[in-house]
Amino acid sequence: EAGVTQFPSHSVIEKGQTVTLRCDPISGHDNLYWYRRVMGKEIKFLLHFVKESKQDESGMPNNRFLAERTGGTYSTLKVQPAELEDSGVYFCASSRYMSSYNEQFFGPGTRLTVL
Amino acid sequence: TQLLEQSPQFLSIQEGENLTVYCNSSSVFSSLQWYRQEPGEGPVLLVTVVTGGEVKKLKRLTFQFGDARKDSSLHITAAQTGDTGLYLCAGALVGGGNKLTFGTGTQLKVEL
């Protein structure tokens, strides 16, 4: 089965611009997660979807970040307007619903650079 | 404050040596995963442990979950150059839902 895919792999934008990241989870995975790693720091949780519903968005840094998962399939993460501190690698992960092992499978990430 | 402390941060060894990476916390986890990450790629899941005291083996890799589910270790026997990479532990806190808390990682380099 195909793994988690993310698009684009890299994005370079200027401060104040808008960027939209996309994640396609593994087929059949109802749980979808967004994480990010900023320079020199550990990977941190942003939010969790169960199907199309936001289960936990406690990690979203501020209201410049908007995540959607219409139809419960792919998800987008929009940053508007982007700031310098938003630079980092954004990872998407997915897992089966009600998995006691909570095994999350990660995509390759989108490297975002804000100039 | 770092919830999951990983040590060592860097490790450079010769092929054939053994090594252990530690992941420690004062918090209790309902599950803990070990991932390996290569440059430019996402973390790849190696193993999940959920029971205190659990030991899992994956070829030359042995993973252990602490009895109190607060810590874990990864032991590699007879390391090979192909084991080079960034090793990450990540866990779901009890009562914290599914979100993973990640350790800072251990960068392993295995040389001939």
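Look up: the structure comes first, before these words.
Residues numbered from 1 in each chain as written. Chains lettered and ligands numbered in written order. Predicted model: local features only at pLDDT ≥ 70, side-chain atom pairs only at ≥ 80, totals over all residues. Heavy atoms only, no water.

K.L.:
I keep staring at the side chain of Ser 25 of chain B and nothing clicks. Help me out?
P.N.:
Residues and elements named next belong to chain B. Tracing the sequence through the fold places Ser 25 in the loop between strand 3 (19–24) and strand 4 (29–37). In this structure the side chain of Ser 25 is engaged in a polar contact, spanning 2.8 Å, whose partner is the backbone oxygen of Leu 3. At 2.9 Å, the side chain of Ser 25 forms a polar contact with the backbone nitrogen of Ser 27. The residues contacting Ser 25, other than those within four sequence positions of it, are Leu 3, Leu 4 and Lys 70. (Helix = DSSP H or I, 4+ residues; strand = E, 2+ residues; numbered from the N terminus. Polar contact = N/O pair within 3.5 Å; in protein donor to acceptor, adjacent residues only side chain to side chain. Contact = heavy atoms within 4.5 Å.)

K.L.:
Can you help me understand the state of the cysteines in this one?
P.N.:
Linking two cysteines covalently through their sulfur atoms gives a disulfide. By the definition in use, this model includes 2 disulfides over all chains. One disulfide bridge connects Cys 23 of chain A with Cys 92 of chain A, the sulfur atoms lying 1.8 Å from each other. The sign of the -60° torsion about the S-S bond sets the Cys 23 of chain A-Cys 92 of chain A disulfide as left-handed. Of the two residues, Cys 23 of chain A sits in strand 3 (residues 19–24) while Cys 92 of chain A sits in strand 9 (residues 88–95), which places them 69 residues apart along the sequence. Exposure class is identical for Cys 23 of chain A and Cys 92 of chain A. Each is buried. Two residues share a disulfide in this structure: Cys 23 of chain B and Cys 89 of chain B, whose sulfurs sit 2.0 Å from each other. Since a negative S-S torsion denotes a left-handed disulfide, the Cys 23 of chain B-Cys 89 of chain B link at about 75° is right-handed. Taken together, the residues span a long stretch of sequence, with Cys 23 of chain B in strand 3 and Cys 89 of chain B in strand 9 (residues 85–93) at a distance of 66 residues. In terms of burial, Cys 23 of chain B and Cys 89 of chain B fall into one category: buried. (Disulfide = S-S within 2.5 Å. Buried < 20%, exposed > 50% of the residue type's maximum accessible area, 1.4 Å probe, protein only.)

K.L.:
What's the story with unusual backbone geometry in this structure? I'm lost.
P.N.:
Peptide bonds are, in most cases, trans, and in most cases residues other than glycine have a negative phi. Here the residue pair Phe 7 of chain A and Pro 8 of chain A is connected by a cis peptide bond, since its omega of -5° sits within 30 degrees of zero. Locating Pro 8 of chain A in the fold gives a position in the loop between strand 1 (5–7) and strand 2 (10–13). Residues Ser 7 of chain B and Pro 8 of chain B are joined by a peptide bond in cis, for which omega reads -10°. Despite not being glycine, Ala 78 of chain B has its phi angle at roughly 50°, a positive value. With respect to the helices, strands and loops of the structure, Ala 78 of chain B is situated in the loop between strand 8 (71–76) and strand 9. When its relative accessible area of 31% is taken as the criterion, Ala 78 of chain B is described as partly exposed.

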